[in-house]
Amino acid sequence: MQYFPMFFDINDRPCLVVGGGDVAARKVALLLRAGAKVTVVSPELGDNLAARHARGEIDHLARAFDEGDLDGRALVIAATDDKSVNRRISELCRARNLPVNVVDQPELCSFIVPSMIDRSPLQVAVSTGGAAPVLARLLRARLETMIPAAYGRLAELMDAFREQVKARIADPEQRRHFWENVAQGPIAELVFAGKEEAARAAMHKAVDEAAASDQPRGEVYLVGAGPGDPDLLTFRALRLLQQADVIVYDRLVSEEILDMARRDADLVYVGKQRDQHTLPQEDINLLLARIAKKGKRVLRLKGGDPFIFGRGGEEIETLMQEGVNFQIVPGITAAAGAASYAGIPLTHREHAHSVVFVTGHLKDGSMDLNWQALAQPQQTIVVYMGLLGVKELCNQLVAHGLPAETPMALVQKATTRLQKVVVGTLGSMPSIIETTEIKPPTLIIVGDVVTLHKKLAWFGGAESVGE
Ligand code: SAH
């Protein structure tokens, strides 16, 4: 993080703007909106600032900048077209630890001004740290359309009830849940619909009810995080990530996805390193129930889809036994992610009419699979957790009747920038993997559809090995 983001209270504070042109005028407008007492130093003023001066909105020192102008200021903005003056102001301010911004010269700034969405008292600021201002502006435009103007009024309503809610709902956790329900529920809708009186009444009622009830009841969200690319999360997964109190995750969940969690959520890692179980499944099941019973909203985040080789069913069974509320959010399973990003359709009119998902987990060096059912023509086989058993898989499928020329692909870290596709056949793959580096998580796809990879691979940057 290059800059520390913060919102600065300059209400009634003396601020200095050096320069009298259009650029200075824009900065002055912003400072005035934040309630600052603005002094402009400049031999001349442009029309805009001259008008403001005439209306008594700003003070004007009609001369060149002088070091003494900095005395007693809370903040300084330099907007002259003289580079040496700008530099001098920057240096003087830095020597005094006085926050300074030199317009369009980030290297001379001790603070920068973000793009802003103003729904006062709600404000959203966006910055790329000067790296790509256009991007910040585009994002701002998108946010503008996403945040209804009425959010400002909602924030005001919430502010009006703040003290009361604080006094009557003592538990901070319960209070936060209360506010989240206000912001996402019918009360917010009333405000958005312009029914402010009704919203107030509903608010009074909601506070009474919340104050009368005990601790909030916790719940568990069992959420599929998809195969890796954060863009493949569902909207619901994202929303729950941003409101959960505790996030219980494992190895397959990428850091980029965890970054989308609420800033102050507790993150609990329960992943398994191969052969080294950090937490047995039964303990995870009970852990989820235990945290939820403390009134927390627990998000159990799983790679891919929770109900495909995810043991989600076992976790839910325990929650049911323990009487804990839960909801399940599906995710894009690795097979779907890998297929799309590697350009290998899992079914195809000419190549495959069915697809089976199996686990290739090795037990005592072998896989417990119905080989006969797998070794069928016109069928795609997708193997999860099969990397250690590639040889066994190839041998068994050939022994049960699939031609050794049957194409197969290993898709490493599908949908991420580290995606790598290794293509071979049942006959050649055992020796290919001896010389090719390939890491978990890797998904195996067997069947004629793999031949389409050559034609359909589209995902940029992904490495493709073999033919
Ligand atoms: N519930 C998950 C699967 C968990 S089993 C899902 O629906 O995707 C773990 C196996 O999934 C890994 O061994 C690997 O075979 C596969 N896998 C998960 N994410 C993957 C990815 N990004 N790329 C390739 N394989 C992946």
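Residues numbered from 1 in each chain as written. Predicted model: local features only at pLDDT ≥ 70, side-chain atom pairs only at ≥ 80, totals over all residues. Heavy atoms only, no water.

Focus on unusual backbone geometry
Move 1: The linkage connecting Ser120 with the following residue, Pro121, adopts the cis geometry, with an omega of 5°.
Move 2: Examined against the element boundaries, Pro121 turns out to sit in the loop between strand E6 (115-119) and strand E7 (122-126).
Move 3: Each neighbour pair has its own omega, and for Pro440 with Pro441 the value is -5°, a cis peptide bond.
Move 4: You can see Pro441 is positioned in the loop between helix H16 (429-435) and strand E19 (442-446).
Move 5: The phi dihedral of Asn97 falls on the positive side, at around 55°, and the residue is not glycine.
Move 6: For Asn97, the location among the structural elements is in the loop between helix H3 (83-95) and strand E5 (100-102). (Helix = DSSP H or I, 4+ residues; strand = E, 2+ residues; numbered from the N terminus.)

A look at the pattern of salt bridges
Move 1: Taken as a whole and judged by the stated rule, the model has 25 salt bridges.
Move 2: Between Asp69 and Arg63 there is a salt bridge; the shortest N-O distance is 2.7 Å.
Move 3: On the basis of relative accessibility, which here comes to 5%, the residue Asp69 falls in the buried class.
Move 4: Accessibility expressed as a relative area gives 34% for Arg63, which makes it partly exposed.
Move 5: Here Arg168 ties to Asp208 by a salt bridge, and the two come within 2.8 Å at their closest N and O atoms. Here Asp208 lies in helix H8 (residues 196-212) and Arg168 lies in helix H5 (residues 151-168), a separation of 40 residues in the sequence.
Move 6: For Asp208, a relative accessible area of 41% translates into the label partly exposed.
Move 7: One network of salt bridges, with partners in common, ties together Glu173, Arg176, Glu180, Asp245, Arg262, Asp264, Lys296 and Arg297. (Salt bridge = Lys/Arg side-chain N within 4 Å of Asp/Glu carboxyl O. Buried < 20%, exposed > 50% of the residue type's maximum accessible area, 1.4 Å probe, protein only.)

Quick word on the site of the ligand
Move 1: In the region of the ligand, 17 residues are neighbours, and Pro227, Asp305, Ile308, Thr333 and Thr442 sit closest.
Move 2: Leu443 is positioned with one of its backbone polar atoms (N or O) 3.5 Å from a nitrogen atom of the ligand.
Move 3: Considered on its own, the ligand offers 540 Å² of accessible surface; in the complex 92% of this is hidden by protein.
Move 4: Counted by class, the shell around the ligand contains eleven nonpolar, four polar and two charged residues.
Move 5: No fewer than three residues from each of domain 3 (219-332) and domain 4 (335-465) sit in the shell around the ligand. (Near = heavy atom within 4 Å. Polar contact = N/O pair within 3.5 Å; in protein donor to acceptor, adjacent residues only side chain to side chain. Areas by Shrake-Rupley, 256 points an atom, 1.4 Å probe, with all protein chains shown as cover. Nonpolar A, V, L, I, M, F, W, Y, C, P; charged D, E, K, R; others polar. Domains from an automatic or database assignment.)

Looking at the nonpolar core
Move 1: Counting residues in hydrophobic clusters, the biggest one holds 23 residues, and the most contacted among them are Leu393, Leu397, Met408 and Leu410.
Move 2: Mapped onto this core, the elements with two or more residues apiece are helix H14 (371-374), strand E16 (379-384), helix H15 (390-399), strand E17 (407-412), H16 and E19.
Move 3: Sorting elements by how many residues they give to this core places H15 first, with four residues.
Move 4: Counting residues in each nonpolar core, the second largest holds 19 residues, with Ala36, Val38, Ile58 and Leu75 among its members. (Core = buried A, V, L, I, M, F, W, Y, C linked by side-chain atoms within 4.5 Å.)

Overview of the domain arrangement of the chain
Move 1: According to the domain assignment, the chain consists of domain 1 (14-113), domain 2 (150-212), domain 3 (219-332) and domain 4 (335-465).
Move 2: Put simply, the middle of domain 1 and the middle of domain 3, counted by C-alpha atoms, are 51 Å apart.

Quick word on the pairing of strand E8 (residues 219-224)
Move 1: The element E8 is extensively covered by neighbouring structure, given that five of its six residues are classed as buried.
Move 2: Sheet analysis places E8 next to strand E13 (residues 297-302), joined by six bridges and oriented parallel. Among the inter-strand pairings, Gly224 is bridged to a residue of E13, identified as Lys302.
Move 3: Here five bridges tie E8 to strand E14 (residues 325-329), and the two strands are oriented parallel to one another. In the sheet register, Tyr221 faces E14, and the bridge partner there is Gln327. (Pairing = 2+ DSSP bridges.)

Some details on the sheet that holds E19
Move 1: The strand order across the open sheet formed by six strands is E15-E16-E19-E17-E18-E20, and the pairing between neighbours is mixed. Each having just a single partner strand, strand E15 (354-359) and strand E20 (463-465) make up the two edges of the open sheet. Adjacent strand axes in the sheet meet at a mean angle of 20°, parallel and antiparallel pairs treated alike.
Move 2: In this structure, E17 lies alongside E19, joined through five bridges in antiparallel fashion. Within E19, the position partnered with Leu410 by the bridge is Ile444. (Axes fitted to C-alpha atoms, helices over the stretch in contact; angles between N-to-C directions.)

Structural notes on the packing of helix H6 (residues 172-184) against H8
Move 1: Orientation of H6 relative to H8, taken along the N-to-C sense of each, is 150°, at an axis distance of 11 Å. Regarding the angle of H6 to H8, the classification is roughly antiparallel. For the crossing formed where H6 meets H8, the hand is right-handed. Contact residues: H6 offers Gln174, Phe178, Trp179 and Val182, while H8 offers Met203, Ala206, Val207 and Ala210.
Move 2: Grouping the constituent residues of the contact of H6 with H8 by class yields seven nonpolar, one polar and no charged. (Parallel < 35°, antiparallel > 145°, perpendicular 65-115°, else oblique. Left-handed = near helix turned anticlockwise from the far one by under 90°. Contact = heavy atoms within 4.5 Å.)

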